[in-house]
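Structure assessment
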There are 4 protein chains.
Amino acid sequence: MLEERQRKGGRPRDATRDADILEAARAVLAERGYERTTMAEIAARAGAGKATVYRRWASKAELVIDVLACSGSLAITVDDVPDTGSLRGDLAALRALKSRDESTWRALVGLVSELPHSPELARVVDQRVVGPRVALIRGLLERARDRGELLPGVNVDLLSRVPSSMIAYRLLVTHEPLDPEFLRSLSEDIVVPLATGRPRD
Amino acid sequence: MLEERQRKGGRPRDATRDADILEAARAVLAERGYERTTMAEIAARAGAGKATVYRRWASKAELVIDVLACSGSLAITVDDVPDTGSLRGDLAALRALKSRDESTWRALVGLVSELPHSPELARVVDQRVVGPRVALIRGLLERARDRGELLPGVNVDLLSRVPSSMIAYRLLVTHEPLDPEFLRSLSEDIVVPLATGRPRD
Amino acid sequence: MLEERQRKGGRPRDATRDADILEAARAVLAERGYERTTMAEIAARAGAGKATVYRRWASKAELVIDVLACSGSLAITVDDVPDTGSLRGDLAALRALKSRDESTWRALVGLVSELPHSPELARVVDQRVVGPRVALIRGLLERARDRGELLPGVNVDLLSRVPSSMIAYRLLVTHEPLDPEFLRSLSEDIVVPLATGRPRD
Amino acid sequence: MLEERQRKGGRPRDATRDADILEAARAVLAERGYERTTMAEIAARAGAGKATVYRRWASKAELVIDVLACSGSLAITVDDVPDTGSLRGDLAALRALKSRDESTWRALVGLVSELPHSPELARVVDQRVVGPRVALIRGLLERARDRGELLPGVNVDLLSRVPSSMIAYRLLVTHEPLDPEFLRSLSEDIVVPLATGRPRD
DNA sequence: TGCTAAGCGAGACGGTACGTCGCGTCTTCGG
DNA sequence: CCGAAGACGCGACGTACCGTCTCGCTTAGCA
């Protein structure tokens, strides 16, 4: 979101508009997808003028970034996941916890094509969309290490990126649903065995 | 690519235009990315008219699909990878073989946003872009099974999708380069341990 | 209107679109006036896209200029006015002849504010709107001179601009109608006495 | 200008802002013309907020009206013109007296396009801009009638509108300057001969 | 003196038109 | 009938301006 100018005077930004616009953007994105989403419709649905939207976000791409960044599931941190005593249990708890994440990822669609042209945008996506998700898995892995569950020599860096990658690929490229069986396999056939060396039962 | 109409007469299509247009499309995509690529520029750079392009491909998206599908690395099949006697060796051989794949994936970028709106397109991407890549890894895994390398209970379906997912995520979302270290880690820290249970040395 | 590029190839401009767009523009201008006329409505009413309009005219102002320039009454020249044997008679004949000129002048409204900023536009208005009207009166005055009706020392230059000025002022500034009594007074109380020295009967 | 509300209390309007705003408006109008003049720039140049402007004038059009109405030359009445004993002399005296009128008329420019949509505005222009100018000439003509200079049957109504019309036309439509030669011709080749029957020397 | 209502500069707000640009189709010409 | 060129209908983009509203501050005039 655009930085507010150093407030010297004048009417302050109406903070409620931010939320209204983001909510409208989320709704339109979910209904229409990135390409078919128009700034005019977002503004109209938020009961806002286009200028009010562009005062806050420099482009459609940046607005969508913020839709992603403000997405509910991103607020989850490792502290929100109860410690069940095992990595497998923690991952199951996370699955139970995780709000539906699909719309967030789907909104990322098409945005992707703007990233190579805007280092700024790419940085924001990395920090606000990718970062929190990777950090969450990394946190669970480190919790497992503290328990002594982790095999020596596990590449935590790489492993913590696997779930995000697989989910993104599924939603962006192959458009398969995020069914529970897939999510469970991801944990139990990939993450747990790699981290702990214990194959699936 | 569109089927040629049942030839009744008149001037036959100039087959050389296909290659010129694909090459121009690849160049523009590499320079500008999907969104900033215009059909007019592709046509101009190929010295062709827009109608000539649309006579062969129904849309920008389908043209880009073909750019991806004709990309060198996609032609690689399991038979092109020499049997080195171990999964680890086979994967190393594949890495040695694999032409630079980056531009292909990068071209997939903004295409992604069209997929949810076009099942047809999604099908084509699945068959011509995703399919060959997954099949290649799956082939190597099955070769390993034939050797008796594979652990029982390995989820081959899921595992064969991991490398594509990780590579796509890296290129599309985080825009990190496909450096050799990353590709080696992918094989040796993820695929080999999961498939064979042998941790990295 | 914008010059067409030196035709090398490609689809030629569809000449019928010009007329459709001009007609639509005239209609919208008459209904709404300059300020409330939008290019989008003109295009829609002409069954055209905005790009087609802007391919021909660089701005709303230039389009309106052409609406004025193509206006019917401008086609009248001194040769269209029958020689009645006297200036007074000729002016009466002109009044009988003159198609309703109001909408043309009314369209000029608001355009006026663009003139100081565009010498090009001002030149076009001068040549295509003002010029023909002044030339018509001048022609009748010269016909009168040939007859020997004209007083010596009459400022033909200035006098030939009086009717246009008075009509424009009335329509643009005071918005009184061009009733026949006004037009007759213009001829008989101003032009004829000044030119011939003969007061109204 | 808007009426001040019936004062009940609170801070009174700062009367100095009126003049500052009018002056700023005059300057911007002269520089940019009506269309390119924005209320924001007027306010900024006057060191005022937009609300302060709109508290005094209901719209851009009304503000411009007042710029015109407060223009110096409008304050001239027939009593300011010395009685020289002849219409020709009086008109010459008026020309000597008349402050540069150009910027006033130029400001009227694009205002014109608002008039047909606002009877209220049109009334104000008529009373405050057109009226005083026409009344001034009419006053001089009536002074001439009192002297017995006027021909019988002269259409004073129409004649008194001729100078305003010619000046407006010149400034608004053809954008020629108000050079002294033009103004003298207007008096001596048009008004004096028509009113008194005496041709130019 | 301190209270209060309104004015003040600043600028955000909802709206709406502008002129540009890209897509995918259609239309001309020459080969 | 193909192929180059490019005009066509459509519609989103991001900008600019209008006239209104809201913020925190200032400034009379009444108590």
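My aim in this report is to walk through the structure given alongside it, one point at a time. (Residues numbered from 1 in each chain as written. Chains lettered and ligands numbered in written order. Predicted model: local features only at pLDDT ≥ 70, side-chain atom pairs only at ≥ 80, totals over all residues. Heavy atoms only, no water.)

Within chain A, the secondary structure is distributed over ten helices and zero strands. The order of α-helices and β-strands along chain A, N terminus first, is α-α-α-α-α-α-α-α-α-α. Out of the 201 residues in chain A, the part that is buried amounts to 53%. Within chain A, contacts between residues separated by at least 24 positions form 67% of all contacts whose residues are at least 6 apart in sequence. Carbon and sulfur atoms form 51% of the exposed surface of chain A, whose accessible area is close to 9,000 Å². (Helix = DSSP H or I, 4+ residues; strand = E, 2+ residues; numbered from the N terminus. Buried < 20%, exposed > 50% of the residue type's maximum accessible area, 1.4 Å probe, protein only. Contact = heavy atoms within 4.5 Å. Areas by Shrake-Rupley, 256 points an atom, 1.4 Å probe, with all protein chains shown as cover.)

Okay, the environment of A:Ile65 next. For A:Ile65, the location among the structural elements is in helix H4 (residues 60-69). Residues A:Ile65 and A:Arg128 lie 63 residues apart in sequence; the distance between their C-alpha atoms is 8.4 Å.

Most of helix H9 (residues 162-174) of chain C is tucked away: 13 of the 13 residues are buried. Trailing H9(C) by a residue or two, C:His175 shows a phi angle of about 60 degrees, which is positive.

For DNA strand E, the set of nearby residues contains 53 residues, the closest of which are A:Gly10, A:Thr52, A:Arg56, C:Tyr54 and D:Thr52. Sugar plus phosphate: this is where 64% of the atoms of DNA strand E within 4 Å of the protein reside. At a separation of 3.0 Å, a phosphate oxygen of DNA strand E approaches a polar backbone atom of B:Met39. Within the backbone of B:Lys60, a nitrogen or oxygen atom sits 3.1 Å from a phosphate oxygen of DNA strand E. Looking at the surface near DNA strand E, the elements with two or more residues in it are helix H3 (50-56) of chain A, helix H3 (50-56) of chain B, helix H2 (39-45) and helix H3 (50-56) of chain C together with helix H3 (50-56) of chain D. Considering each element in turn, the surface near DNA strand E owes the most residues, five residues, to H3(D). Grouping the amino acids of the surface near DNA strand E by side-chain chemistry returns 14 nonpolar, 17 polar and 22 charged. (Near = heavy atom within 4 Å. Polar contact = N/O pair within 3.5 Å; in protein donor to acceptor, adjacent residues only side chain to side chain. Nonpolar A, V, L, I, M, F, W, Y, C, P; charged D, E, K, R; others polar.)

Another aspect to go through is the packing of aromatic side chains. Tallied over the entire structure, the rule returns zero aromatic pairs over all chains. Above the plane of the ring of B:Phe182 lies B:Arg170, whose end atom (NZ or CZ) is 3.9 Å from the centre. (Phe/Tyr/Trp six-rings, centres within 6.5 Å; stacked < 30°, edge-to-face > 60°. Lys NZ or Arg CZ within 6 Å of the ring centre and 35° of its normal.)

Turning our eyes to something else, we now look at the environment of B:Val64. Mapped onto the secondary structure, B:Val64 falls in helix H4 (residues 60-69). Separated by 38 residues in the primary sequence, B:Val64 and B:Arg26 have C-alpha atoms spaced 8.0 Å apart.

This part covers helix H10 (residues 180-196) of chain C. Spacing of three or four residues puts side chains on the same side of an α-helix, whose turn is 3.6 residues. Residues and elements named next belong to chain C. Here H10 contains 17 residues, and its C-alpha end-to-end distance of 22 Å stays within 8% of the 24 Å for a straight helix at 1.5 Å per residue. With 14 of 17 residues buried, H10 is to be regarded as a mostly interior element. With its phi angle positive at about 80 degrees, Gly197 sits one or two positions after the end of H10. (Expected span 1.5 Å × (residues − 1).)

One pass over the full model with this rule turns up 72 salt bridges over all chains. Close ionic contact of B:Arg17 with B:Asp20 constitutes a salt bridge, the shortest N to O distance being 2.4 Å. Taken together, the residues span about one helical turn, with B:Arg17 and B:Asp20 both in helix H1 (residues 15-32) at a distance of three residues. Note on B:Arg17: relative accessible area 15%, which makes it buried. You can call B:Asp20 partly exposed: its relative accessible area is 36%. A cluster of three or more residues bridged by salt bridges with shared partners is formed by A:Asp83, A:Asp90, A:Arg143, A:Arg147 and A:Glu149. (Salt bridge = Lys/Arg side-chain N within 4 Å of Asp/Glu carboxyl O.)

Residue and element names in this part refer to chain B. For Ala92, the position within the fold is in helix H5 (residues 87-97). Its relative accessible area of 32% is what places Ala92 among the partly exposed residues. Sequence separation of Ala92 and Glu188 is 96 residues, and the distance between their C-alpha atoms is 9.2 Å.

When two helices pack together, you describe them by how their axes are tilted relative to each other and by the distance separating the axes. Residues and elements named next belong to chain C. Contact pair H9 / H10: the axes reach a minimum separation of 11 Å and the direction vectors enclose 145 degrees. Once H9 is placed against H10, the crossing between them reads as right-handed. For the pair formed by H9 and H10, the contact residues are Val162, Pro163, Met166, Ile167 and Arg170 on the first element and Phe182, Leu183, Leu186, Ile190 and Val191 on the second. (Axes fitted to C-alpha atoms, helices over the stretch in contact; angles between N-to-C directions. Left-handed = near helix turned anticlockwise from the far one by under 90°.)

Further remarks concern the packing of helix H1 (residues 15-36) of chain D against helix H4 (residues 60-69) of chain D. All names here are of chain D. Running from N to C, H1 and H4 cross one another at 105 degrees; their axes reach a closest spacing of 10 Å. Judged by the angle between their axes, H1 and H4 are roughly perpendicular. Contacts between H1 and H4 involve Ile21, Leu22, Ala25, Arg26, Leu29, Tyr34 and Glu35 from the first element and Lys60, Ala61, Leu63, Val64, Asp66 and Val67 from the second. (Parallel < 35°, antiparallel > 145°, perpendicular 65-115°, else oblique.)

When you line up the elements, D:Asp90 lands in helix H5 (residues 87-97). Discounting residues that sit within four places of it in the chain, D:Asp90 has contacts with D:Val81, D:Pro82, D:Asp83, D:Thr84, D:Gly85, D:Leu140, D:Arg143 and D:Arg147.

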